[in-house]
Amino acid sequence: EENMNTTLIIMAAGIGSRFGTGIKQLAKMAPNGEIIMDFSIYDAKEAGFTKVVFVIRKAIEKEFKEVIGNRLSKVMPVEYVYQELGDLPKGYQVPEGREKPWGTGQAILACKNVVKEPFVIINADDYYGKEAFVKLHDFLVSGEDLGREFTMGMGGFILKNTLSDNGTVTRGVSVVDENGLLSQVHETTGIEMGEDGQIKCDSEEVQKWISPEDKVSMNMWAGYPEFLDFLAEDFKDFLMNVEEGDLKSEYLLPNIVDKLLKEERANVKGLETQDRWFGVTYKEDKETVQEAFRELIADGVYAEKLWE
């Protein structure tokens, strides 16, 4: 089992768009010039992942390879897939006026012809810590069958460990049962810590019970290739239901997983990590992240020259 191939899928198509042009803002996070993705890939490799697949846009390919892809292909097999707005199933058109691609579900669907082994999905600009990669990798290679059509895993972060000091965040707020299985995921926007130590968020429903200790999804999911086959069908279903004039709605992983849970088609194991998340949601987060990496290096968690 140990030498089983497993793939790390990194969703990087959105890079650059949030901060204007280029992907340079996601550059230097560590004293030696590494970016957040270096650390994720390093941790994934250490945990036993055997390949990296980057989901990018054609528009950023050249710069992406210069900043990270070419370097990393020396330490790990690397492949690229592309997420483009117009990449739709036969018979579907992009609504006139729509500019942004279709979200994380479409990003993962783009991997369908490339990823034939168990995989873990992450965001490009989030740091997840070492523990979650180990737990998700070991879960995938154990071949544990959770008894439904789709067996999946989720990196379960503790909400209070995933907040930004510089504004609100969006998280998949999860409900986990006593067997450690997910029963619901609520994609929730506007999450922040109130002055009273209580969590505030945009959803009236979730606001009734949300707490700092809740488990949240940071888009770190583990799955098997049959999930990609499901997305190919389900994406059509999603597109059919996009209302006329809707130029914004996205096909999002937490919503897709929640639907599979409601239909009792998937069981998802919540694999808890105590590690602190950090990432660049806002420009002002960059210094916090740089400081966090300095501390991790000072504590000996990482070498100053990561890949040497």
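If you check helix H1 (residues 36-47), its first and last C-alpha atoms are 17 Å apart, about what 12 residues at 1.5 Å a residue would give, namely 16 Å. Most of H1 sits out of view: 9 of its 12 residues are buried. Regarding H1, the residues found buried are Ile36, Met37, Asp38, Phe39, Ser40, Ile41, Asp43, Ala44 and Ala47.

Once that is clear, we can look at the packing of H1 against helix H4 (residues 130-142). The angle between the axes and the distance between the axes are what describe a pair of packed helices. At a minimum axis distance of 9 Å, the contact between H1 and H4 shows a crossing angle of 40°. Relative to H4, the element H1 lies oblique. The chirality of how H1 crosses H4 is right-handed. Between H1, through Ser40, Tyr42, Asp43, Ala44, Glu46 and Ala47, and H4, the contact on the second element is made entirely by Lys130, Phe133, Val134 and His137. When its residues are assigned to classes, the contact of H1 with H4 shows 5 nonpolar, 2 polar and 3 charged.

The subject of this paragraph is the nonpolar core. If you look at the biggest cluster of nonpolar residues, it comprises 47 residues, and the most contacted ones within it are Met37 and Phe54. For this core, the leading source of residues is H4, giving 5 residues. Those residues in contact with Phe54 that sit more than four places away from it in its chain are Ile10, Met37, Ile41, Phe64, Leu72, Val78, Glu79, Tyr80 and Val81. By size, the runner-up hydrophobic cluster in this structure holds 38 residues, among which are Phe227, Leu231, Val242 and Leu261.

Once that is clear, we can look at unusual backbone geometry. Of note, Asn219 is a non-glycine position whose phi angle comes to about 60°, a positive value. Among the structural elements, Asn219 can be located in strand E10 (residues 215-223).

A word on the packing of aromatic side chains. Applying the stated rule across the entire model yields 20 aromatic pairs. An aromatic cluster of three or more residues is present, and its members are Phe39, Tyr42, Tyr127, Phe278, Phe293, Tyr302 and Trp307. It is Lys58 that lies over the ring of Tyr82; its NZ or CZ is 4.3 Å from the centre. For Lys65, the ring lying beneath its charged end belongs to Tyr80, and the centroid distance is 4.6 Å.

Another aspect to go through is the side chain of Asp285. Within the secondary structure layout, Asp285 lies in helix H8 (residues 285-298). The class for Asp285 is buried, based on a relative accessible area of 4%. Here Tyr282 takes part through its backbone nitrogen, which lies 2.8 Å from a polar atom of the side chain of Asp285. The residues contacting Asp285, other than those within four sequence positions of it, are Ser164, Asn166, Gly279 and Val280.

On to the pattern of salt bridges, then. Within this structure, the stated rule accounts for 21 salt bridges. Notably, a salt bridge pairs Lys259 with Asp234, separated by 2.4 Å at the nearest N-O pair. Pair noted here: Lys259 is in helix H7 (residues 253-262) and Asp234 is in helix H6 (residues 225-240), with a separation of 25 residues, a long-range link. Among the residues examined, Asp234 registers a relative accessible area of 6% and is labelled buried. Through salt bridges that share partners, Asp43, Glu46 and Lys130 make up one connected network.

The next thing to look at is the environment of Asp177. Residue placement: Asp177 occurs in the loop between strand E7 (169-176) and strand E8 (182-193). Here Asp177 falls in the partly exposed class, since its relative accessible area comes to 29%. Along the sequence, Asp177 and Glu187 sit 10 residues apart, while their C-alpha atoms lie 18 Å from each other. Within the local environment of Asp177, its side chain forms a polar contact with the backbone nitrogen of Asn179, the two atoms lying 2.8 Å apart.

The rules behind the values
- Residues numbered from 1 in each chain as written.
- Predicted model: local features only at pLDDT ≥ 70, side-chain atom pairs only at ≥ 80, totals over all residues.
- Heavy atoms only, no water.
- Helix = DSSP H or I, 4+ residues; strand = E, 2+ residues; numbered from the N terminus.
- Expected span 1.5 Å × (residues − 1).
- Buried < 20%, exposed > 50% of the residue type's maximum accessible area, 1.4 Å probe, protein only.
- Axes fitted to C-alpha atoms, helices over the stretch in contact; angles between N-to-C directions.
- Parallel < 35°, antiparallel > 145°, perpendicular 65-115°, else oblique.
- Left-handed = near helix turned anticlockwise from the far one by under 90°.
- Contact = heavy atoms within 4.5 Å.
- Nonpolar A, V, L, I, M, F, W, Y, C, P; charged D, E, K, R; others polar.
- Core = buried A, V, L, I, M, F, W, Y, C linked by side-chain atoms within 4.5 Å.
- Phe/Tyr/Trp six-rings, centres within 6.5 Å; stacked < 30°, edge-to-face > 60°.
- Lys NZ or Arg CZ within 6 Å of the ring centre and 35° of its normal.
- Polar contact = N/O pair within 3.5 Å; in protein donor to acceptor, adjacent residues only side chain to side chain.
- Salt bridge = Lys/Arg side-chain N within 4 Å of Asp/Glu carboxyl O.

These results come straight from atomic positions and should not be treated as a statement about function.
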